[in-house]
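One letter stands for each residue in the lines below.
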Amino acid sequence: MSSSVLTATVDHWINGGPVTATPDTPTTDVYCPATGEVTKRVPAGSRTDAEAALASAAAAFPTWSATPAHIRARVMFAFRDKMLADIDRLAAIICDEHGKVIDDAKGELQRGIEVIEFSCGIADLLKGEVTESIGTGVDGMSMRKPLGVVVGIVPFNFPAMVPLWMAPIALACGNTFVLKPSEKVPTLAMEMAAMLSESGLPDGAFNVVHGGGEVVDTLITDPRVEAVSFVGSTPVAEHVHRTATEAGKRVQALGGAKNHLVVLPDADIDNVVSALMGSAYGSAGERCMAISVVVPVGDQVAQAIRDRLTERIAELRVGPGTEPGIEMGPLVTDAHRDRVIGYIDTGVAEGAELVVDGRHGKSSTGFFLGASLFDHVTPDMRIYREEIFGPVLSMVRADTFAEALDLVNSHEFGNGAALFTSDGRAAQTFVSEVRAGMVGVNVPIPVPMAFHSFGGWKRSLFGDHHIHGHEGVRFYTRYKTATVRWPQAGSALAEYVMPTAK
Ligand code: NAD
């Protein structure tokens, strides 16, 4: 795919407006996955670009952090209204750059907008505590203060929702923000930057800098940065977590996943199959909460799921996300599609049974691939151990519920896990004992609402805080207590012992 010399290069957003990338900066092509055409270019960025964004955020911090919380919230109310009013256009941009179907793009926008709505309540969320008279004439109080400049580094698969997991809460708490979008989907970040400006956010409070490793490494080590939120693959999450914590930053780094859906013999198989179709093949499997492993308990359940899934996959409507009725769009790039095909080849070589071969659905125009289903996958296989991030579902059969639970718990990732059953006691055991951060009971993709918090366990999250909700407020603020006395002149005595209440 060669890029046209006329293809536009995306700007950075620094200090309240677009900033042209430094001349002669190398660029990366941005594709429309449905056609395979290059639509624009994104600058590879540089240390200088990253430092300009950080300088802008640092300069904006004193004024923005001193703005009363309820006034900061007004910016979020206006931002929310703008996003909602423009949701069709924004969804079309996501569909064009990412490839997901339009309604799915609107779904991610809606889930992101809900985080903005949560941040509109920031005045209440930041309310501190006061204890009158912790000693005679002495009051105690606690409060949460913003950190300073915070950074967000985000993946390609949710161009709107993942940045919105971070920025609205960080900004509402009084921080200033630098966002590093994925080079595959750079436009939504710029749209949101413009909308935040139009909503009354002061210049410099929100910045966007594009780029790769050099930009990221500058952002996560610069002394002006207090905290780093990262969402992406586990190797990069681990790198960001290690490097940024060594540099003294507070870090939350969310990584990859291999989400299991366990099916007990008493589950309704039609519901299970519908749940699997959406959660394994929706968004072409490019979701960190996609179900990539189904674990039926007992061969009878396994056979029933396998038969019905095979029928349903044959009916799956694959095509451009802009067309009505399409259920699965293309993969994000040709290189990513090749990687997914490589995994399907590996699964066959490893001895798994390829029941439905999505490689037949590889298109010559655009980055389409069919849905694949493997049966008789075993825990030692690479297709089981590693995240494929494509429309490939693996079936691992278990004989008992205990064996299925042990399988989920032994996997290195622990983002989401689901159980389908009509047995309340089994569900209770699963919720209590499964080692995953987000658990579904008869819900395949248990993505928490904005007022709860999102995050995995094990090697799906590095750091202490999940993202958004109250965890987000805690992550983007630090705690302070004050002990206050207004004594009469000359009444204070020197105390040489540990002060105690009198
Ligand atoms: P990625 O790790 O390749 O990229 C994520 C971000 O890191 C991008 O902005 C990218 O430019 C940057 N980056 C990439 N390589 C880097 C390097 N060597 N040094 C510094 N920065 C680097 O991830 P992706 O392919 O964009 O997204 C898919 C991955 O994200 C999947 O693994 C998926 O599970 C994960 N994800 C996780 C969650 C979650 O909440 N746990 C949510 C969405 C996506």
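An unreviewed UniProt entry annotates the chain as methylmalonate-semialdehyde dehydrogenase (CoA acylating) of Gordonia desulfuricans.

(A) Representation of the nonpolar core within the structure. With 65 residues, the main nonpolar core has Met83, Trp165, Leu171, Phe177 and Phe206 as its most contacted residues. The dominant element in this core, judged by the number of residues it contributes, is helix α6 (residues 161-172), at 10 residues. Non-local contacts of leucine 171, meaning those with residues more than four positions away in its chain, are made with Trp64, Arg72, Met76, Thr176, Phe177, Leu196, Leu201, Ala205 and Phe206. Ranked by size, the runner-up nonpolar core spans 60 residues in total, among them Ala302, Leu316, Phe374 and Ala427.

(B) Looking closely at the UniProt feature "domain: Aldehyde dehydrogenase" (unreviewed entry) in the chain. Per the UniProt entry, the sites bearing "domain: Aldehyde dehydrogenase" (unreviewed entry) are residues 25-481 in this numbering. Across residues 25-481, helical content stands at 43% and strand content at 21%; the span's end C-alpha atoms are separated by 47 Å.

(C) Quick peek at the sheet that holds strand β13 (residues 291-296). Taking strand neighbours across the sheet as the criterion, the seven strands line up as β14-β15-β16-β13-β12-β18-β19 in an open arrangement whose pairing is mixed. Because the sheet does not close on itself, it has two edges, and the strands there are β14 (353-356) and β19 (438-441). The average angle at which neighbouring strand axes cross in this sheet is 20°, direction not considered. Looking at chain direction, strand β12 (residues 259-263) and strand β18 (residues 416-420) are connected through four bridges and run parallel. Among the inter-strand pairings, leucine 261 is bridged to a residue of β18, identified as alanine 418.

(D) Structural context of the site of the ligand. Taken together, the neighbourhood of the ligand is formed by 25 residues, with Val154, Lys180, Glu183, Ser233 and Glu387 sitting nearest. Contacts to the ligand include valine 154, whose backbone N or O atom sits 2.7 Å from an oxygen atom. Within the complex, 85% of the 850 Å² of free accessible area of the ligand lies under protein. Elements with a contribution of two residues or more to the shell around the ligand: α8 (213-221) and β10 (225-231). In the shell around the ligand, the residues fall into 14 nonpolar, eight polar and three charged.

(E) The arrangement of the packing of aromatic side chains in detail. Inspection of the entire model under this criterion finds six aromatic pairs. Aromatic pair phenylalanine 475 and tyrosine 476: ring centres 5.1 Å apart, planes at 80°, arrangement edge-to-face. Taking relative accessible area as the criterion, phenylalanine 475 reaches 0% and is therefore assigned buried.

(F) Expanded view of the pairing of β13. Counting buried positions along β13 yields six of six residues, so the element is predominantly enclosed. Judged from the five bridges that link them, β12 and β13 form a sheet pairing that is parallel. Counted as the bridge partner of valine 262 is valine 295 from β13. Taken together, β12, helix α10 (residues 269-281) and β13 constitute a β-α-β crossover, and its handedness is right-handed. In terms of strand pairing, β13 meets strand β16 (residues 392-395) through two bridges, oriented parallel. Bridging across to β16, valine 294 finds its partner in methionine 395.

(G) Here's a closer look at unusual backbone geometry. The phi angle at serine 133 is positive, at roughly 65°, despite the residue not being glycine. Accessibility expressed as a relative area gives 47% for serine 133, which makes it partly exposed. Unusually for a residue other than glycine, histidine 468 sits at a positive phi of about 55°. On the secondary structure map, histidine 468 appears in the loop between β21 (461-463) and α16 (469-475).

(H) Quick look at the pattern of salt bridges. All told, the structure shown has 28 salt bridges when counted by the stated rule. A salt bridge links glutamate 471 to arginine 474, with the shortest nitrogen-to-oxygen separation between them at 3.4 Å. Residue glutamate 471 and its partner arginine 474 are located together in helix α16, separated by three residues, close to a single helical turn. Residue glutamate 471 is classed as buried on the basis of its relative accessible area of 18%. The exposure class of arginine 474 is partly exposed, given its relative accessible area of 36%. Salt bridges sharing partners connect three or more residues here, namely Asp299, Arg306, Glu353, Asp375 and Arg397.

How each quantity is defined
- Residues numbered from 1 in each chain as written.
- Predicted model: local features only at pLDDT ≥ 70, side-chain atom pairs only at ≥ 80, totals over all residues.
- Heavy atoms only, no water.
- Core = buried A, V, L, I, M, F, W, Y, C linked by side-chain atoms within 4.5 Å.
- Buried < 20%, exposed > 50% of the residue type's maximum accessible area, 1.4 Å probe, protein only.
- Helix = DSSP H or I, 4+ residues; strand = E, 2+ residues; numbered from the N terminus.
- Contact = heavy atoms within 4.5 Å.
- UniProt positions renumbered as here; feature names shortened; annotations may be inferred.
- Pairing = 2+ DSSP bridges.
- Axes fitted to C-alpha atoms, helices over the stretch in contact; angles between N-to-C directions.
- Near = heavy atom within 4 Å.
- Polar contact = N/O pair within 3.5 Å; in protein donor to acceptor, adjacent residues only side chain to side chain.
- Areas by Shrake-Rupley, 256 points an atom, 1.4 Å probe, with all protein chains shown as cover.
- Nonpolar A, V, L, I, M, F, W, Y, C, P; charged D, E, K, R; others polar.
- Phe/Tyr/Trp six-rings, centres within 6.5 Å; stacked < 30°, edge-to-face > 60°.
- Right-handed = clockwise from strand over helix to strand, strands pointing away.
- Salt bridge = Lys/Arg side-chain N within 4 Å of Asp/Glu carboxyl O.

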